[in-house]
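Structural characterization, general
The chain contents come next:
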Amino acid sequence: MQIVVRMFVVAFLWSCLNLLYAQNLPAAFEIEIPGISGYNSEIKTPDEVLRHTIGTRHTVPHELVDYFEAVAEASDRVSLHTHGYSYENRPLIHAIVTSPANHARLEAIRAQNLRLSDDPDSISEADLDEMPVVVYQGYSIHGNEASGSEAAVLYLYHLAAAQGVAFEEMLENVVIILDPLFNPDGRDRFTDWVNRNRGRVHTTDPNDREHNEPWPGGRTNHYWFDLNRDWLPAQHPESQGRLDIFHNWRPQVLTDHHEMGGTSSFFFMPGIPSRNNPGTPEENFVLTAGIADFHAKWLDRTGSLYYSKESFDDFYYGKGSTYPDANGAIGILFEQASSRALESETDHGNLTYAFTVKNQFSTSLSTLEAVTALRKELLTYQQTFYASAAGVARSNRVKAYVVDLTYDRTRAQKFGEMLSRHRVQMYMLDRDFENEGRVYAAGEAFVVPVAQPQARVVKAMFDRTTAYQDSLFYDVSTWTMPLAFDLDYSEIRSNPADYLGAAWTATPDGGRLVGGVSEIGYLLKWNRYFAGRTLYNLLEAGFFPRLLHHAADIRVNGRVMSFEPGTIFVPAVHRDPARRHLDAGLLPMLEKAVAEDHVEVFAAESGFALDGPDLGTRSATILKTPVVGLITGSGASGYNAGEVWHLLSERFHIPVSLLDSDELADIDLDRYTTLVLAGGFYSGLNTEVLSTWMRRGGNLVTLHSGTDWAVRNNLIDLERKPFDTDSLYKDLPFNQLDEARGAQRIGGLIAEGRLDTTHPLSYGLRDTIPLFRRGTSFYEPATTPGVNVGVYTTTPLLSGYVSEPQLKNMAGSAALVAMNKGRGSIIAFADNPNFRAFWYGTNRLFVNAVFFGNAF
């Protein structure tokens with residue numbers, strides 16, 4: 001049986017969408033929902049709980065949670081779960097929706113579903129005939145792409161309340177994981193703005209405040225990260241919670257509801273075929289195309305325009321619509337033209353919020369129909385995907401990867417934590433092992449074999465790639481994770497079975513305090529990722545850490561130990577001269593740092609060095625507590641600024657003042673030791689204010705496009721390397737120009753930089769380091785001696801796409817330059833050392849810039 005549901009009439013469903021806007025829709029608009037005979041009146045409609053009609057205002061996160069709780073309490077088809085909390089402590093929720101009979105055996109269904117990946121050979125054809133399909137439907141990972149979460153409310157009502165034999169049979173064959181709030185903090189920021197800046201009568205005027213949310217907008221999470229790029233790095237609680245659900249259930253399909261520019265129509269996968277990731281099996285794209293037929297059919301019913309295959313891609317595995325492709329599932333991206341406000345003017349007439357919600361709701365229903373119809377094909381595909389993992393490993397020239405734990409143990413362990421979130425199996429090395437001329441010690445390295453169920457994920461994490469089918473990318477062209485972490489690792493070409501020890505779980509450890517109470521002071525090695533956190537706590541507590549610039553042999557615990565430049569010496573004196581370190585709490589602080597920051601600390605028996613300068617050397621720099629101002633607001637890149645804010649605040653527990661660029665001239669900048677231009681255009685920024693502040697002793701740190709801005713405004717003397725684009729394009733016809741220009745862009749690659757390790761900014765690092773590179777602004781190294789801290793090597797490409805002309809321009813160019821300006825300094829990064837929070841390797845260069853800006 002079918003029931004025709006008009007948006008402004010029966011069952012409260014479509015009336016929830018469009019009571020206000022019925023006059024703006026085609027009079028003949030209708031949608032048919034097969035198999036529905038009515039709706040259960042015991043399930044409250046969104047209107048009854050929210051006290052507003054969906055589509056007449058933007059539903060804020062707590063209202064949405066309230067509705068999900070109300071439905072879960074009333075329906076035996078729905079259970080509600082919390083899988084984490086956002087940075088702003090908002091609950092991250094998901095509903096499990098299926099038939100009451102399935103709920104009664106839900107754990108058995110989940111366990112059997114896991115066998116498709118854990119033990120695919122144990123699933124018989126008869127099992128596949130009976131198993132429900134699992135679909136994970138997620139909404140609005142970008143907080144100001146709000147129609148998705150709104151549709152999730154209607155979809156939950158429909159799933160809980162719809163009645164009819166055919167619909168109830170459908171629920172027997174599917175388990176739906178409904179995640180309505182991928183990004184509650186961003187959504188709250190956005191919905192608060194639009195709802196507060198709208199009167200009783202809304203306006204379509206694009207100049208109105210409702211249509212123009214302020215910087216940084218609601219797209220991102222609390223720290224201004226794009227969570228749709230974090231599925232693979234998984235650095236944020238929202239992402240980690242999503243991955244917990246994903247791997248706890250391992251769905252066959254995951255959908256990801258977005259919005260795009262208002263002049264477009266509606267997009268659904270497949271994307272551009274030439275930009276598919278070559279590691280994804282072809283059958284994935286066949287199934288994606290089969291599912292697309294259902295979306296087209298449902299949107300045709302409503303007269304909604306749509307397209308596919310013309311934009312977006314399935315290349316970077318760190319997006320929600322592509323991450324499933326590396327995990328035996330089908331990822332589907334939806335992009336709805338956005339009204340942003342309640343109603344907006346577009347090139348093809350006014351676009352209402354209600355209409356955008358309608359399309360997101362329609363494709364939620366089309367997904368449900370598709371996965372039910374293709375249930376067995378999807379289950380079989382996942383089974384085959386994991387059954388073929390052994391073949392993937394056999395055909396791979398690399399059989400395993402070995403990762404050393406002795407070079408900054410914490411970074412290697414953080415890398416292991418990331419791998420664990422993706423179910424990657426790791427093992428401790430159980431005997432000394434020589435590989436590629438390097439000896440890895442038993443118990444001091446771990447091994448990641450390729451031969452495991454997650455073989456494709458391992459390849460995606462570790463592979464270096466420089467050859468591509470297409471030269472255009474929607475996102476980055478590479479993401480080789482051990483390079484991002486700057487790990488000491490190598491490829492193993494032989495079977496690793498003989499030297500695999502016990503399964504290894506990454507847990508940061510390895511801190512140590514050597515020696516006991518010292519009346520002289522303590523030496524903090526600058527060799528662990530969180531050493532900066534320890535240093536900041538010592539400075540805040542009133543001690544006087546000194547940065548040692550020369551190697552020294554010091555007696556510790558009855559033997560002589562060598563300490564490298566960059567070691568921090570903490571004298572046993574306190575800001576309060578009446579207090580010695582014992583009663584000032586220095587030793588307990590260091591013991592806590594050893595446990596929590598995993599640092600290495602050594603008690604000096606004497607200040608006298610057996611070789612090198614004594615600990616009281618005049619060459620040491622007495623460090624100051626960094627007071628950091630981050631330039632934000634108009635013209636600043638929210639992404640880059642958020643990465644700095646997150647790094648310092650979340651990881652290093654250093655307070656950061658967010659300073660509006662337009663108000664900088666009115667701020668007393670002398671209170672800040674360091675200002676950061678993380679990237680952007682900064683059109684309203686007063687350069688003279690910055691110059692004066694630097695001359696008085698301020699440390700200005702510029703990153704990526706922030707360095708470009710500093711060069712253009714004569715804050716640093718660097719010469720841009722020329723690039724002749726005219727000769728590249730002069731003979732091309734019009735229809736080839738876009739692709740030719742796109743081929744010269746650098747959307748994201750990994751290049752090798754060489755460091756001057758005698759410079760304070762390179763303390764604790766090796767002489768070469770992988771750098772993340774975006775953009776084509778290359779600079780000649782500075783001519784002043786001693787200021788080129790880092791330059792790209794002559795053959796810099798490690799992984800990723802770059803054209804030959806751009807690669808030639810990159811070679812030998814400046815990567816990190818540090819110049820004195822009066823009593824202050826400017827430290828200019830050509831790249832972004834904090835990219836997406838997973839570039840742990842170059843984070844250390846930035847942290848050095850914050851602490852050691854007055855040390856050269």
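Values in this document were obtained by computation on a predicted structure and should not be read as measured data.

It is worth spelling out the sheet that holds strand β33 (residues 749-755) at this point. Reading across from one edge, β30-β29-β31-β32-β37-β36-β35-β33-β34 is the order of the nine strands in this open sheet, with mixed pairing throughout. Edge strands, defined here as strands with exactly one partner in the open sheet, are β30 (656-660) and β34 (768-773). Going from strand to strand, the sheet's axes swing by 25° on average, the running direction of each strand aside.

This paragraph deals with the packing of aromatic side chains. The full count for this structure, using the stated rule, is 39 aromatic pairs. Aromatic side chains Y381 and F385 sit 6.1 Å apart centroid to centroid with 55° between the ring planes, which places their arrangement in the tilted category. In this pair, Y381 and F385 both sit in helix α13 (residues 375-387), four residues apart, roughly one turn of the helix. Take Y381 and F385: they sit in the same class, and that class is buried. When the centroid spacing of 5.7 Å and the interplanar angle of 70° are considered together, the rings of Y682 and W709 count as edge-to-face. You can see Y682 sitting in the loop between β31 (674-677) and α22 (687-695) and its partner W709 sitting in helix α23 (residues 705-712), a full 27 residues away along the chain. Cation over ring: R301 sits above W298, and NZ or CZ is 4.4 Å from the ring centre. The lysine or arginine in question, R411, covers the ring of Y407, its NZ or CZ lying 4.9 Å from the ring centre.

Here the focus is the pairing of β34. Most of β34 sits inside the fold, with five of its six residues counted as buried. Here β33 runs beside β34; their pairing, made up of six bridges, is antiparallel. Bridged to A751 within β34 is L771.

Moving on, we come to unusual backbone geometry. Of note, the amide linkage connecting W215 to P216 takes the cis form, showing an omega dihedral of 5°. Relative to the helices and strands, P216 is located in the loop between α9 (184-196) and α10 (237-249). The omega angle of the peptide bond from M269 to P270 is 20°, so this bond is cis rather than trans. Mapped onto the elements, P270 comes out in the loop between β10 (266-268) and α11 (282-302). A positive phi angle, close to 65°, is found at N89, a residue other than glycine. Relative to the elements of secondary structure, N89 occurs in the loop between β4 (78-85) and β5 (91-97). The class for N89 is exposed, based on a relative accessible area of 58%.

Let us look at the packing of α11 against α13. The contact between α11 and α13 brings their axes to 11 Å, and the two run at 160°. The orientation of α11 with respect to α13, classified from their angle, is roughly antiparallel. Once α11 is placed against α13, the crossing between them reads as left-handed. Side by side, α11 and α13 meet where E283, N284, L287 and I291 of the first sit next to E377, L378 and Y381 of the second. Residues of the contact of α11 with α13, tallied by class, amount to four nonpolar, one polar and two charged.

What counts, and where the lines are drawn
Residues numbered from 1 in each chain as written. Predicted model: local features only at pLDDT ≥ 70, side-chain atom pairs only at ≥ 80, totals over all residues. Heavy atoms only, no water. Pairing = 2+ DSSP bridges. Helix = DSSP H or I, 4+ residues; strand = E, 2+ residues; numbered from the N terminus. Axes fitted to C-alpha atoms, helices over the stretch in contact; angles between N-to-C directions. Phe/Tyr/Trp six-rings, centres within 6.5 Å; stacked < 30°, edge-to-face > 60°. Buried < 20%, exposed > 50% of the residue type's maximum accessible area, 1.4 Å probe, protein only. Lys NZ or Arg CZ within 6 Å of the ring centre and 35° of its normal. Parallel < 35°, antiparallel > 145°, perpendicular 65-115°, else oblique. Left-handed = near helix turned anticlockwise from the far one by under 90°. Contact = heavy atoms within 4.5 Å. Nonpolar A, V, L, I, M, F, W, Y, C, P; charged D, E, K, R; others polar.

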